[in-house]
Amino acid sequence: MDKIKIALILIVSLGTLIRFWSLGDNNIGLFRDEAALGFNSWSILQTGRDEYGQKLPVFFRSFEVFFMPAYVYLSVPIMKIFGLNEFSTRLLSALSGIFLILFAFLIGRKIFKSERVGIFSAIIVAFSPWSIFYSKGAFEGNLALLFFATGFYFWIKFLDKFTRKYFFISLLFFLLSMYSYQSPRLVVPIFLGVSIISLKNVWELKKVWILGLLLALFLYLPILLLSFQPASYHRALGVSVFSRSESSSIYSVFNQFASMYLHYYSPMNLFWLGDYNNQRSVEGFSTFYFWIFPFLMIGVWKFIKGNFQKKPLLIWTLLGPLPASLTPDPFHTYRAILFFMPISLMIAFGISNLLDYFKRFKLGFLFALIMFFTFSLIYYLFNFLLVSPLYKWRDWDFGYKEIAQLLKKEPKDIRVVIDDPNTESYIHLLFYGVIPISDYQNEAKKLINGKYYSDAEKIRPQKIGRFEFRKVDWPSERGESKTIFIFPSNRLFPSEFSGDPKLNLEKIILTFSGEAVFYIVRVI
């Protein structure tokens, strides 16, 4: 076995270990979107219907958000093997992150015609913060990135000798990415269109393009048939600059789009500041380690000067931030997840070129690189697994598993009211098996009223049997007997329930650091 294969096996093995370590229990909680993905997959397995009782839907919905179906359906066999839990819900994303390491190697080797660049590409993807983060949670975008990267790999293989089988394999994976997440629905058609038009022999392959178009239309038909339903466009339109812009002028919208687009090429964002959203960030880190920035600059410079098949990667790099740029949220790393793979390849190319420059100090350079990666990786994992749970537990919906364990022991005639003005906590009680699937589906069907795809309004059941999810008026409701009230710690102070003989503090749900998350109060 040669050195390259040994190196790749070691990189993939370590990347696998990192992604599986504490996958099911990260001490920070299970976010509501993760719970929705996992529960809907479990519901499909158990009943053939989603949480709203819709039979084998094309789009899934949770709360008022519609999401693509691939992650849910591909998780069904995982649920069959492992049951419904945090590990099984996140496993598909973790596996996607592992296979991304392999495809980073294959793409890097293929484009730059260098196994060394392939190895460095695998290293960057295996150990960069963006890839680790999105591989350790249930993120459908990570699955979409894997499918897109796979499609891209077979696309560049197709461009070598225009072997038709590679075109159709590529097309299949591109379509799978479009079934996985919203961003590829915009990027894939533009990528293929621009790539095909830019070919010198484009007209010589017109039969291939026509056949490919017909095949794509057929395979994507379930989505196309719903194109004019809110289920297809509501999510994208709802977060776009077109719906949130303060001015309706074309100049204003374009100016905002251009500003957002350039945000994603900012070294400050890529290497220092990171995602604006607290839930998608780790303290002290961005998408890449800050010391990698010079390698990207070298990689971009050498890429521009290089003589190889650069056009496909250039198109990917330019299109990667496009979906996120059409929204007003600054540096949204999840919507721009397609962007970070080509950036990783550029960084790897820069490292490889710098290694050529320091030939006389090759071992010293590699040793320094390993030390920097080792220190950065340990520090990142320390912050992700131990520091983040101290500060970001509320962003990750920590505490509902402990609530579920307590409620499962309660008599069936006890009323449970969760103080939840946004009515989101029901998904956690469904996920942890406190509320039977059939009970929820019966209630949700009434709310949907046959308008699953056409009604994009908020559909959040405030009452399911004996469980209620709403804002609590504590002064007027504190006397209701045989009721358990559950309050987030920031919505009720201990002084408001202590000292009353009719109230019993059943339990305080605590964080990893001992901070109060929920107060569970029983009215005797």
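Details of the structure are given in the entry above.
### A short note on helix H1 (residues 3-20)
1) Next: In this model, H1 (18 residues) spans 26 Å end to end at C-alpha, consistent with the 26 Å of a helix rising 1.5 Å per residue.
2) Next: Where H1 is concerned, the buried positions are Leu 8, Ile 11, Gly 15, Ile 18 and Arg 19. In a view along the axis of H1, the buried residues occupy a sector of 95 degrees, so they form one face of it. Exposed residues lying more than 90 degrees from the buried face of H1 are Lys 3, Lys 5 and Leu 10.
3) Next: Taken together, the buried residues of H1 touch helix H5 (86-112), helix H6 (115-127), helix H7 (129-135) and helix H21 (362-391).
4) Next: With a side-chain oxygen positioned 3.3 Å from the backbone nitrogen of Ile 4, the residue opening H1 is Asp 2.
5) Next: Phi turns positive one or two residues past the end of H1, at Ser 22, with a value near 55 degrees.

### Notes on the layout of surface pockets
Any space left empty among the atoms is revealed by the rolling of a water-sized probe across them.
1) Next: In this model, the largest pocket occupies a volume close to 1,300 Å³.
2) Next: Together, 47 residues line the largest pocket, and Val 65, Tyr 181, Arg 235, Val 239 and Arg 335 are the ones closest to its centre.
3) Next: Secondary-structure elements contributing two or more residues to the lining of the largest pocket are helix H2 (32-47), strand E2 (65-67), helix H10 (182-197), helix H13 (230-238) and helix H14 (241-244).
4) Next: Residues belonging to the lining of the largest pocket are distributed by class as follows: 21 nonpolar, 11 polar and 15 charged.
5) Next: The space that makes up the second largest pocket amounts to roughly 750 Å³.
6) Next: Together, 22 residues line the second largest pocket, and Ala 7, Ile 11, Ile 119, Ile 123 and Ile 370 are the ones closest to its centre.
7) Next: When contributions to the lining of the second largest pocket are tallied by element, the ones reaching two or more residues are H1, H6 and H21.
8) Next: Residue composition of the lining of the second largest pocket, by class: 19 nonpolar, one polar and two charged.

### Side note on the pattern of salt bridges
1) Next: Applying the stated criterion to the full structure yields 20 salt bridges.
2) Next: Between Asp 356 and Arg 116 there is a salt bridge whose closest N-O contact spans 2.5 Å. Separated by 240 residues along the polypeptide, Asp 356 in helix H20 (residues 340-357) and Arg 116 in helix H6 bring together distant segments of the chain.
3) Next: Owing to a relative accessible area of 27%, Arg 116 belongs among the partly exposed residues under this scheme.
4) Next: The partner of Lys 446 in a salt bridge is Glu 443, with the nearest N and O atoms 4.0 Å apart. On the criterion of helical spacing, the pair formed by Lys 446 and Glu 443 is a turn pair, its members being three residues apart in helix H24 (residues 437-448).
5) Next: Salt bridges linked by common partners bring Arg 415, Glu 468, Arg 470, Glu 477 and Glu 480 together as one network.

### A look at the sheet that holds strand E3 (residues 415-419)
1) Next: If you trace the six strands from one edge of the open sheet to the other, you get E4-E5-E3-E6-E8-E7, paired in mixed fashion. Looking along the sheet, the strands with just one partner apiece sit at the ends: strand E4 (463-464) and strand E7 (503-510).
2) Next: Sheet topology note: the E3/strand E5 (residues 467-470) ladder contains four bridges and is parallel. Bridge assignment links Ile 418 to a residue of E5, and that residue is Phe 469.
3) Next: Of the strands in this sheet, E3, E5, strand E6 (483-488), E7 and strand E8 (516-523) are in contact with helix H22 (residues 400-407), which crosses E8 at around 20 degrees.

### Let's talk about the packing of aromatic side chains
1) Next: Inspection of every chain in the model, using the stated rule, returns 74 aromatic pairs.
2) Next: Where Phe 167 meets Trp 209, the ring centres are 5.4 Å apart and the plane angle is 70 degrees; that geometry is what we call edge-to-face. Here the residue Phe 167 occupies a position in helix H9 (residues 164-178), and Trp 209 occupies one in helix H11 (residues 206-219), the gap between them amounting to 42 residues. Trp 209 matches Phe 167 in its accessibility class, with the two residues each being buried.
3) Next: Measuring from centroid to centroid gives 4.9 Å for Tyr 452 and Tyr 453, while their planes differ by 85 degrees, and the two rings are edge-to-face.
4) Next: When the ring centre of Tyr 52 is taken as reference, the NZ or CZ atom of Arg 61 above it lies at 5.7 Å.
5) Next: Lying over the aromatic face of Phe 303, Lys 310 brings its terminal NZ or CZ to 5.8 Å of the ring centre.

### A few points about unusual backbone geometry
1) Next: Phi is positive for Asn 27, which is not a glycine, with a value near 65 degrees.
2) Next: Relative accessible area serves as the criterion here: at 27%, Asn 27 is assigned to the partly exposed category.
3) Next: Although it is not a glycine, Lys 482 adopts a positive phi angle of roughly 50 degrees.
4) Next: Considering the arrangement of structural elements, one finds Lys 482 in the loop between helix H25 (474-477) and E6.

### Here we look at a nonpolar patch on the surface
1) Next: A cluster of nonpolar side chains, namely Ile 210, Leu 213, Leu 214, Leu 217, Leu 221, Leu 224 and Leu 225, defines an oily patch on the protein surface of about 660 Å² accessible area.
2) Next: Among the secondary structure elements, those contributing two or more residues to the nonpolar patch are H11 and helix H12 (221-224).
3) Next: When residues in the nonpolar patch are grouped by element, the largest group, four residues, is from H11.
4) Next: Position of Leu 225 among the secondary structure elements: in the loop between H12 and H13.

### Some words on the nonpolar core
One recurring pattern in soluble globular proteins is that nonpolar side chains are buried together.
1) Next: Counting 171 residues, the largest nonpolar core has Trp 155, Phe 191, Trp 209 and Trp 316 as the members making the most contacts within it.
2) Next: At 14 residues, helix H8 (residues 140-161) tops the list of elements feeding residues into this core.
3) Next: With residues near it in sequence (within four places) discarded, Trp 155 still touches Phe 167, Ser 170, Phe 174, Phe 191, Leu 192, Ser 195, Ile 196, Trp 209 and Pro 312.
4) Next: Core analysis: the second largest hydrophobic core is formed by 12 residues, Phe 487, Leu 492, Ala 516 and Val 523 among them.

Conventions adopted
- Residues numbered from 1 in each chain as written.
- Predicted model: local features only at pLDDT ≥ 70, side-chain atom pairs only at ≥ 80, totals over all residues.
- Heavy atoms only, no water.
- Helix = DSSP H or I, 4+ residues; strand = E, 2+ residues; numbered from the N terminus.
- Expected span 1.5 Å × (residues − 1).
- Buried < 20%, exposed > 50% of the residue type's maximum accessible area, 1.4 Å probe, protein only.
- Arc of directions from axis to C-beta.
- Contact = heavy atoms within 4.5 Å.
- Polar contact = N/O pair within 3.5 Å; in protein donor to acceptor, adjacent residues only side chain to side chain.
- 1 Å grid on protein atoms, 1.4 Å probe; cavity = no way out; pocket = protein on both sides within 12 Å on 5 of 7 lines; lining within 4 Å.
- Points joined across faces, edges and corners; volume = space filled by probe spheres on them.
- Nonpolar A, V, L, I, M, F, W, Y, C, P; charged D, E, K, R; others polar.
- Salt bridge = Lys/Arg side-chain N within 4 Å of Asp/Glu carboxyl O.
- Pairing = 2+ DSSP bridges.
- Axes fitted to C-alpha atoms, helices over the stretch in contact; angles between N-to-C directions.
- Phe/Tyr/Trp six-rings, centres within 6.5 Å; stacked < 30°, edge-to-face > 60°.
- Lys NZ or Arg CZ within 6 Å of the ring centre and 35° of its normal.
- Patch = residues over 30% accessible without salt bridge, like charges linked within 9 Å, V, L, I, M, F, W, Y side chains within 5 Å.
- Areas by Shrake-Rupley, 256 points an atom, 1.4 Å probe, with all protein chains shown as cover.
- Core = buried A, V, L, I, M, F, W, Y, C linked by side-chain atoms within 4.5 Å.

Take it as geometry only, folks, not as evidence of what the structure does.
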